[in-house]
Amino acid sequence: MIKYLVTGCAGFIGSNVVDRLLENPTNQVIGIDNFSTGHLNFLENTKKSNNFRLFENDLLNLKELKNIFKDIDLVFHLSANADVRFGIKNPRKDLEQNTIVTQNVLEAMQYNNIKKIIFSSTGSIYGETELIPTPENAPFPVQTSLYGASKIACEGLISAFCEGFDMQSYIFRFVSILGERYTHGHVFDFYKKLKKDKKTLEVLGNGKQRKSYLYVQDCIDAMFLALNKSKQKINIFNLGTNEYCEVRDSIKWICEELNVNPKLQFSKEDRGWIGDNPFIFLDTKKITNLGWKPKLSIKEGVIKTIKYLKQNDWVFSVKK
């Protein structure tokens with residue numbers, strides 16, 4: 001029996017990881033979420049499992065964490081503030097919800113002698129690198145978003161704890177993730193806008209931004225494969241597909257799936273906001289060399305996401 005702890009267990013990626021873990025009847029899962037962005041609906045079936053226990057707690061409360069983390073074998077730290085766009089309006093949010101929270105998770109692990117952590121980082125840590133596609137050992141870049149800066153700080157803390165307390169870490173630098181339970185990002189935003197106005201769609205940026213996306217189940221497949229096959233003290237992997245698309249392409253796929261033909265209104269800038277990297281394309285040879293290959297293309301992931309949103313209209317009425 002292995003006892004896992006998942007932070008952000010009611011979130012998009014976290015709830016899917018919990019489901020995957022519980023497919024093995026010998027696994028026990030502790031979930032933590034403060035429901036600031038997570039949804040209890042995502043855990044509707046999970047809560048029925050005798051192998052799952054949910055704690056509604058804030059990760060900023062270190063004292064409580066030390067008790068919850070007791071007897072855990074492995075931590076999936078997936079909780080984060082992922083709203084890159086509004087970082088400059090509340091610059092402390094990324095520090096608290098990403099960096100300080102990660103410090104607390106690591107301290108709770110060290111207190112309970114937990115040796116293994118899986119961490120969801122981001123391709124945003126590469127800033128606007130000139131090395132495309134971008135490998136894991138790319139030169140350390142200038143940070144362009146508070147989100148990316150907070151995540152690279154988390155990576156530094158994790159690495160230091162691994163060295164100082166003989167821990168092992170798996171750090172995954174994601175592109176944008178799509179799929180079932182997706183409730184944040186430009187595909188969600190475009191659909192929400194089109195629900196209100198099918199004739200006009202305002203687009204932040206000139207639509208030529210080149211982006212990478214990955215289907216959530218492909219993402220989880222990669223994480224579990226790396227966990228089983230890579231045994232270094234600090235394991236860092238880019239996760240993405242071997243392709244990218246322009247924002248205009250994703251708009252086209254969304255509109256085709258919704259059977260709408262809006263007039264597109266672009267701005268002149270090459271990005272939608274400060275920190276919006278106009279070209280993200282990660283080198284994923286390191287994970288593919290372990291035998292992983294995504295099952296869905298970017299287009300298929302976008303369409304699958306739209307189908308989910310159409311079938312789950314309630315996500316648009318939830319207060320955020």
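See the structure shown above.
Just so we're clear, the structure is a prediction, and the values are computed from it rather than from any experiment.

**Student:** Before we go on, may I ask you to explain the packing of aromatic side chains in this structure?
**Tutor:** Geometry of an aromatic ring pair is reported as the spacing of the ring centres plus the angle between the planes. The final tally for this structure, using the stated rule, is ten aromatic pairs. Ring centres of Phe-12 and Tyr-182 lie 5.9 Å apart, and the angle between their planes is 80°; this geometry places the pair in the edge-to-face category. Of the two residues, Phe-12 is situated in helix H1 (residues 12-22) and Tyr-182 in the loop between strand S7 (176-178) and helix H5 (186-196); the sequence distance between them amounts to 170 residues. Taking 5.8 Å as the distance between ring centres and 40° as the angle between the ring planes, the aromatic pair formed by Phe-76 and Phe-224 counts as tilted.

**Student:** Explain the side chain of Ser-230 here, please?
**Tutor:** With respect to the element layout, Ser-230 can be found in the loop between helix H6 (216-229) and strand S11 (234-239). One polar contact links Ser-230 to Asn-235, side chain to side chain, over a distance of 2.6 Å. Excluding residues that lie within four positions of it along the chain, Ser-230 makes contacts with Gln-168, Tyr-170, Asn-235, Phe-237 and Leu-290.

**Student:** Help me understand unusual backbone geometry in this model?
**Tutor:** Apart from glycine, the bulk of residues carry a negative phi angle, and the bulk of peptide bonds sit in the trans form. With an omega dihedral of -10°, the bond running from Ile-132 to Pro-133 counts as a cis peptide bond. Looking at the element boundaries, Pro-133 is found in the loop between strand S5 (116-122) and helix H4 (146-165). In the Ramachandran plot, Arg-181 falls in the positive-phi region, its phi being about 75° despite a non-glycine side chain. Position of Arg-181 relative to the elements: it lies in the loop between S7 and H5.

**Student:** Looking at this structure, how should I read the nonpolar core?
**Tutor:** One broad trend across soluble globular proteins is that nonpolar side chains are buried collectively. Ranked by internal contacts, the top residues of the largest apolar core, which has 70 residues, are Val-6, Ile-13, Val-17, Phe-76, Phe-172, Met-223 and Leu-239. At nine residues, H6 tops the list of elements feeding residues into this core. For Met-223, the contacting residues outside a window of four places in its chain are Ile-13, Val-17, Ile-118, Phe-172, Phe-174 and Leu-239. Of all hydrophobic cores here, the second largest spans 26 residues; its members include Ile-30, Ala-108, Phe-161 and Ile-236.

**Student:** Mind showing me how you'd approach the sheet that holds strand S6 (residues 168-174) here?
**Tutor:** Two pairing modes exist for strands in a sheet, parallel and antiparallel, and in both the strands are linked by backbone hydrogen bonds. The parallel open sheet is built from seven strands, whose spatial order is S3-S2-S1-S4-S5-S6-S11. Unpaired on one side and paired on the other, strand S3 (52-55) and S11 mark the two borders of the sheet. For this sheet, the mean inter-axis angle between neighbouring strands, taken without regard to orientation, is 15°. Of the strands in this sheet, S5, S6 and S11 are in contact with H4, which crosses S5 at around 160°.

Parameters at a glance
Residues numbered from 1 in each chain as written. Predicted model: local features only at pLDDT ≥ 70, side-chain atom pairs only at ≥ 80, totals over all residues. Heavy atoms only, no water. Phe/Tyr/Trp six-rings, centres within 6.5 Å; stacked < 30°, edge-to-face > 60°. Helix = DSSP H or I, 4+ residues; strand = E, 2+ residues; numbered from the N terminus. Polar contact = N/O pair within 3.5 Å; in protein donor to acceptor, adjacent residues only side chain to side chain. Contact = heavy atoms within 4.5 Å. Core = buried A, V, L, I, M, F, W, Y, C linked by side-chain atoms within 4.5 Å. Buried < 20%, exposed > 50% of the residue type's maximum accessible area, 1.4 Å probe, protein only. Pairing = 2+ DSSP bridges. Axes fitted to C-alpha atoms, helices over the stretch in contact; angles between N-to-C directions.

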